[in-house]
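The lines below spell out each chain.
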Amino acid sequence: LIIDPATDLVLEANAASETLLGYPTQQLVGTSFTKLLNSDSAQAADALMLHSAQMLAFSTLPIRRSDGAHAIVDLTLTTIPWMQDHVTLATLRDASDRLDLEAERIRTEVLQAEMNKERELVNLKSRFVSTVSHEFRTPLSVILSSSDILTRYGEKMTHERHQEHIDRIRGHAMLMTEMLNDVLTLNKMQSGAWQLQPGPVDVIRLCESVLEQVRISRGEHHVLQFSYQGDFADIVIDDKVIQHVLLNLLTNAVKYSPSGSSVDLRLRREGETLLFEIQDRGIGIPEEDQARMFEPFYRAVNAADIEGTGLGLAIVKEKVLLHGGEISFVSRVGEGTTFRVRIPCHHQLNDAN
Ligand code: ATP
Ligand code: MG
């Protein structure tokens, strides 16, 4: 269409515009271009305004044809010389096919993304099954071999040897129970069937007792240090939950750092928030693994040789969230990791439900 920019009237129309707009050419000539588009969309107004400022305008917009049917067109407005003056050349192109294709492409992409997610989930689950099976196989084989030895040679053994095997069986059975409990706890928390039990807590004592626990169980080769700052006289939290969170994070800190290195637990109060920091100087978490660290069963590539199921952090995160808090970490491979846990000093009972 050729349009007179001063009057907005159509000066010339080709056959294609007849087909596209549904008016005979004679009727098109002399009609107001804006009216012709029958488009009340803001894009049309924008395009025309841009054009009136002598700029090239391009827009995709809905129009209404003479028969009332809707169509989507790509509209281009350019200024061209005409006789002694300038006029507007409006090119309209039916965009329906293009948009259909685009919609189809988007649909395919969404579908693809969903499939990828599904596959990821299946991968994660199958990795879980294989990890759990693997993790169970180790204590199971220990239990089996010890009970075998007891059956065959038990009567010839010294009392100490005998007891040693019994202890191994007990220890590994307990480990398996722990793993099963972890899986069940996670499941329970994720399905919402878990309740907090907040009460007044001496948080400094709690920290000290957790550190002592870690020291006894696996920290004898690490320097475990505790420092705190602030007033903690009126804390109301679920001590079991926080104890579990700290125990897990400290155990990780010790587990993923070389013996002889130090692990710090720092406690601070920031207004109504308790801030725990657990810092180690260990192997660190590779950047490409960091985003997925809280997913159940996810383990970083550099942790492959160190025993673990990848359940600890997933449970920790659920517990922190349940407690109205948040957890994050910063880590550098070969330098160490610092986990930060923030929880409200006074847990509101009604938050728990
Ligand atoms: P478990 O279920 O026995 O705790 P895990 O320690 O492997 O097994 P998480 O505690 O969930 O599992 O930790 C997940 C992963 O995060 C670990 O496998 C390890 O790759 C990484 N990670 C966690 N804490 C640290 C840390 N302090 N330093 C380095 N890597 C860590
Ligand atoms: Mg762990």
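Scroll up a little and you will see the structure.
Parameters and conventions
- Residues numbered from 1 in each chain as written.
- Chains lettered and ligands numbered in written order.
- Predicted model: local features only at pLDDT ≥ 70, side-chain atom pairs only at ≥ 80, totals over all residues.
- Heavy atoms only, no water.
- Helix = DSSP H or I, 4+ residues; strand = E, 2+ residues; numbered from the N terminus.
- Rg over C-alpha atoms; globule rule 2.2 N^0.38 Å.
- Buried < 20%, exposed > 50% of the residue type's maximum accessible area, 1.4 Å probe, protein only.
- Contact = heavy atoms within 4.5 Å.
- Areas by Shrake-Rupley, 256 points an atom, 1.4 Å probe, with all protein chains shown as cover.
- Core = buried A, V, L, I, M, F, W, Y, C linked by side-chain atoms within 4.5 Å.
- Near = heavy atom within 4 Å.
- Polar contact = N/O pair within 3.5 Å; in protein donor to acceptor, adjacent residues only side chain to side chain.
- 1 Å grid on protein atoms, 1.4 Å probe; cavity = no way out; pocket = protein on both sides within 12 Å on 5 of 7 lines; lining within 4 Å.
- Sits in = over half its atoms within 2 Å of the grid points.
- Expected span 1.5 Å × (residues − 1).
- Pairing = 2+ DSSP bridges.
- Axes fitted to C-alpha atoms, helices over the stretch in contact; angles between N-to-C directions.
- Points joined across faces, edges and corners; volume = space filled by probe spheres on them.
- Nonpolar A, V, L, I, M, F, W, Y, C, P; charged D, E, K, R; others polar.
- Left-handed = near helix turned anticlockwise from the far one by under 90°.

S.K.: Mind showing me how you'd approach the overall build of the chain here?
M.R.: Of regular secondary structure, the chain possesses 10 helices and 12 strands. Taking 20 Å as the expected radius of gyration for a compact globule of 353 residues, we find that the chain reaches 35 Å, considerably beyond that expectation. Along the first, second and third principal axes, the C-alpha set of the chain runs to 115 × 55 × 40 Å. Buried residues in the chain amount to 37% of all 353 residues. Long-range pairs, those at least 24 residues apart, make up 59% of the contacts in the chain with a sequence separation of at least 6. In the structure as shown, the chain presents an accessible area of about 20,700 Å², 54% of it carried by carbon and sulfur atoms.

S.K.: Which parts of the structure should I look at to understand the nonpolar core?
M.R.: Taken as a class, soluble globular proteins show a tendency for nonpolar side chains to be buried jointly. Within the largest apolar cluster, 48 residues are counted, with the highest numbers of intra-cluster contacts made by Leu246, Leu249, Leu274 and Phe276. Among the elements that make up this core, the one with the highest residue count is helix H8 (residues 239-255) (eight residues). For leucine 246, the contacting residues outside a window of four places in its chain are Leu206, Cys207, Val210, Leu265, Phe276 and Ile278. Within the second largest apolar cluster, 19 residues are counted, among which are Ala13, Leu21, Leu37 and Leu92.

S.K.: Before we go on, may I ask you to explain the site of ligand 1 in this structure?
M.R.: Taken together, 21 residues are adjacent to ligand 1, and Asn252, Asp280, Arg299, Thr309 and Leu313 come closest. Backbone polar atom of leucine 313 to an oxygen atom of ligand 1: 2.6 Å apart, as the coordinates give it. One of the side-chain nitrogen or oxygen atoms of threonine 337 is found 3.4 Å away from a nitrogen atom of ligand 1. Its free accessible area being 590 Å², ligand 1 has 94% of it covered by the protein chains. Applying the majority rule of atoms within 2 Å of the grid points places ligand 1 in the largest pocket. Elements with a minimum of two residues in the shell around ligand 1: H8, helix H10 (312-322) and strand E12 (336-344).

S.K.: Sorry if this is basic, but what is going on with H8 here?
M.R.: Over its 17 residues, H8 runs 23 Å from end to end, which matches the ideal 24 Å to within 8%, given 1.5 Å per residue. Where H8 is concerned, the buried positions are Val241, Ile242, Val245, Leu246, Asn248, Leu249, Leu250, Asn252, Ala253 and Val254.

S.K.: Got a minute to help me understand the sheet that holds strand E11 (residues 326-332) in this structure?
M.R.: Where strands meet in a sheet, backbone hydrogen bonds hold them as pairs that are either parallel or antiparallel. Sheet architecture is open: five strands sit in the order E7-E9-E10-E12-E11, paired in mixed fashion. The open sheet has two free edges, formed respectively by strand E7 (223-229) and E11, since each of these has just one partner strand. Across the sheet, the mean angle from the axis of one strand to that of its neighbour is 15 degrees, orientation sign disregarded. Taken together, the seven bridges between E11 and E12 define a ladder with antiparallel strand orientation.

S.K.: Explanation requested: the layout of surface pockets in the structure shown.
M.R.: A water-sized probe, rolled over the atoms, reveals where empty space remains. Its volume calculated, the largest pocket comes out at about 1,200 Å³. Taken together, 40 residues line the largest pocket, and the ones lying closest to its centre are Asn248, Thr251, Asn252, Lys255 and Gly312. Those elements giving two or more residues to the lining of the largest pocket turn out to be helix H6 (159-190), helix H7 (203-217), H8, H10 and E12. The dominant element in the lining of the largest pocket, judged by the number of residues it contributes, is H8, at eight residues. Residue composition of the lining of the largest pocket, by class: 17 nonpolar, 15 polar and eight charged.

S.K.: Explain the packing of H8 against H10 here, please?
M.R.: Two packed helices can be described by the angle between their axes and the distance between those axes. Between H8 and H10, the least distance of the axes is 10 Å, while the angle of their chain directions is 145 degrees. Note that H8 runs across H10; the crossing there is left-handed. Contacts between H8 and H10 pair Val241, His244, Val245, Asn248, Leu249 and Asn252 from the former with Gly312, Leu313, Ile315, Val316, Lys319 and Val320 from the latter. A class-by-class count of the residues in the contact of H8 with H10 yields seven nonpolar, four polar and one charged.

From the geometry alone we can't say anything about function, so treat these as descriptive.
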